[in-house]
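The residues making up each chain are set out below.
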Amino acid sequence: MDAADVVASLLILGIIVVSLLSNVVVLICFLYNPEIRKQVPALFILNLSLCNLLQSVSNMPLTLVGLVTSGHPGGSGFCQIVGFLDTFLTTNSMLSMAALSIDRWVAVVFPLSYHSRIRHRDAVLALAYTWIHSMCFSAVATCRSWLGYNHLYASCTLCSVRAKAAGKQYIVFTVALHCLTFLLTLIVMCATYLKVLKVARSHCKRIDVITMQTLVLLVDIHPSVRQKCLEEQKRRRQRATKKISTFIGTFVVCFTPYVITRIVELFSPGPINPHWGVFSKCLAYSKAASDPFVYSLLRYQYRKTCSLLNTILHSLNVMP
């Protein structure tokens, strides 16, 4: 192992630990709090957390073993199973993020009719589609024997070496996979979240107008109070922008390098630096560790549930 492999191994180990702990906490919050279970987005978050957990106990450890041993972890059949999971779970998690963005778009743009437009049954149907969509690509790759140990990513995943005989079929499959998962999700997220941001800013602007009219009427109001109102308006606009930037930004930063590397791998005449391949895979893995904080644990209901669980654990520890 060289220095780059040591750094990559430590990075993956850290991602595994954070991903396991944070996603388990999300599942505990879902099971413990009935109010969370009643919410439709919680089903998408649950599916996303389950995908992240499975990646943390299957794909990530094998990548770590591949880096440490500089070789093929396990037999060919076992590696194909893990490769199937890699394609299935990555696709499923991306589509779950797209479903979450559509849910937020409906909630903000159609607030009065949200509960009639998005019901638990609709969420289950959407999740069924994500599973079928993901299963189809994974099944095709398995049946065509395109899954195996890819030294470029030190992972059991789609392997261009095994697919050389397929030629254009493998190229078409790989491009279609990333267009109908990564690109589709990115387009949906950008379209929905930017619309959400536009509507949120419009609401803030209307509130600002009402606030300013009120401040004008209150001629005797203290200047410091007026200043606080204006600062709160600014913070409200910044919070909306920050949330949308986080949703889209983490997705782009974590997945784009890996997807671009995959596409370049198809057409590159020469070999790609394996250190870059492993790094791009680590970035993709890091999404599993960041998702719980981006979509759930920083929200009020999850923080409240975590505080209650912490209080219960503390009381149990102090009992004689």
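In what follows, the accompanying structure is described. Per chain, residue numbering runs from 1 following the sequence as it is written. It should be noted that, the model being predicted, local features are given only for residues of pLDDT at least 70 and side-chain atom pairs only at 80 or more, the latter also being counted only at that level, while totals for whole chains, interfaces and linings use all residues. Here the side-chain values reflect all heavy atoms present in the structure, with hydrogen atoms and water set aside.

Some points on the overall build of the chain
- The helix count covers DSSP runs of H or I at least four residues long, the strand count covers runs of E at least two residues long, and both are numbered beginning at the N terminus. Of the regular secondary structure elements, the chain holds eleven helices and two strands.
- Working definition: with a 1.4 Å probe on protein chains only, accessible area under 20% of the residue-type maximum means buried, over 50% means exposed, and in between means partly exposed. Relative to its 320 residues, the chain shows a buried fraction of 45%.
- For the chain, the share of sequence-separated contacts (at least 6 apart) that also reach a separation of at least 24 residues comes to 79%.
- Method for areas: the Shrake-Rupley scheme with a 1.4 Å probe, in which residue coverage is limited to the protein chains shown. When the accessible surface of the chain is split by element, carbon and sulfur atoms take 72% of a total near 16,600 Å². Contacts between residues were defined by any pair of non-hydrogen atoms, one from each residue, lying within 4.5 Å.

Thoughts on the pattern of salt bridges
- The term salt bridge refers to a side-chain nitrogen of Lys or Arg lying within 4 Å of a carboxyl oxygen of Asp or Glu. Across all of its chains, the model carries six salt bridges by this definition.
- One salt bridge in this structure joins Asp 122 and Arg 119, with 3.5 Å as the shortest N-O distance.
- A residue is classified by how much of its surface remains accessible, and Asp 122, at 22% relative accessible area, is partly exposed.

Overview of the nonpolar core
- Here the nonpolar core consists of buried residues drawn from Ala, Val, Leu, Ile, Met, Phe, Trp, Tyr and Cys, with membership extended through side-chain atoms lying within 4.5 Å. Core analysis: the biggest nonpolar cluster contains 41 residues, and Phe 251, Tyr 295 and Tyr 302 have the highest contact counts within it.
- Of all elements in the fold, only helix H1 (3–32), helix H3 (41–57), helix H5 (76–109), helix H7 (120–143), helix H8 (168–217), helix H9 (223–267) and helix H10 (274–297) reach the threshold of two or more residues within this core.
- In this structure, Tyr 295 is in contact with Ile 45, Leu 48, Met 97, Leu 100, Met 189, Tyr 193, Phe 247 and Lys 287, ignoring residues within four places of it in sequence.
- Membership of the second largest hydrophobic core comes to 18 residues, among which are Ile 12, Leu 62, Leu 64 and Ala 288.

Side note on the side chain of His 178
- Inspection of the secondary structure puts His 178 in helix H8.
- Overall, the relative accessible area of 9% leaves His 178 in the buried class.
- When sequence neighbours within four positions are dropped, the list of residues in contact with His 178 reads Leu 183, Val 259, Arg 262 and Ile 263.

Thoughts on the state of the cysteines
- Counting rule for disulfides: a pair of cysteine sulfur atoms within 2.5 Å. Overall, the coordinates contain one disulfide when judged by the stated rule.
- The disulfide partner of Cys 79 is Cys 156, and the gap between their sulfur atoms is 1.9 Å. On the sign convention where negative is left-handed, the bridge of Cys 79 and Cys 156, at about -105 degrees about the S-S bond, is left-handed. With a gap of 77 residues between them, Cys 79 in helix H5 and Cys 156 in strand S2 (residues 155–158) connect regions that are remote in the sequence.
- Under the relative-accessibility criterion, Cys 156 is labelled buried at 4%.

Remarks on a nonpolar patch on the surface
- Only residues whose relative accessible area exceeds 30% and that take part in no salt bridge are eligible for patches, with like-charged residues grouped when within 9 Å of each other and nonpolar side chains (Val, Leu, Ile, Met, Phe, Trp, Tyr) grouped when within 5 Å. There is a patch of nonpolar side chains on the surface, built from Val 6, Leu 10, Leu 13, Val 17 and Leu 21 and spanning about 450 Å² of accessible area.
- You can see Leu 13 is positioned in helix H1.

Shape is all these values report; function is a separate question.
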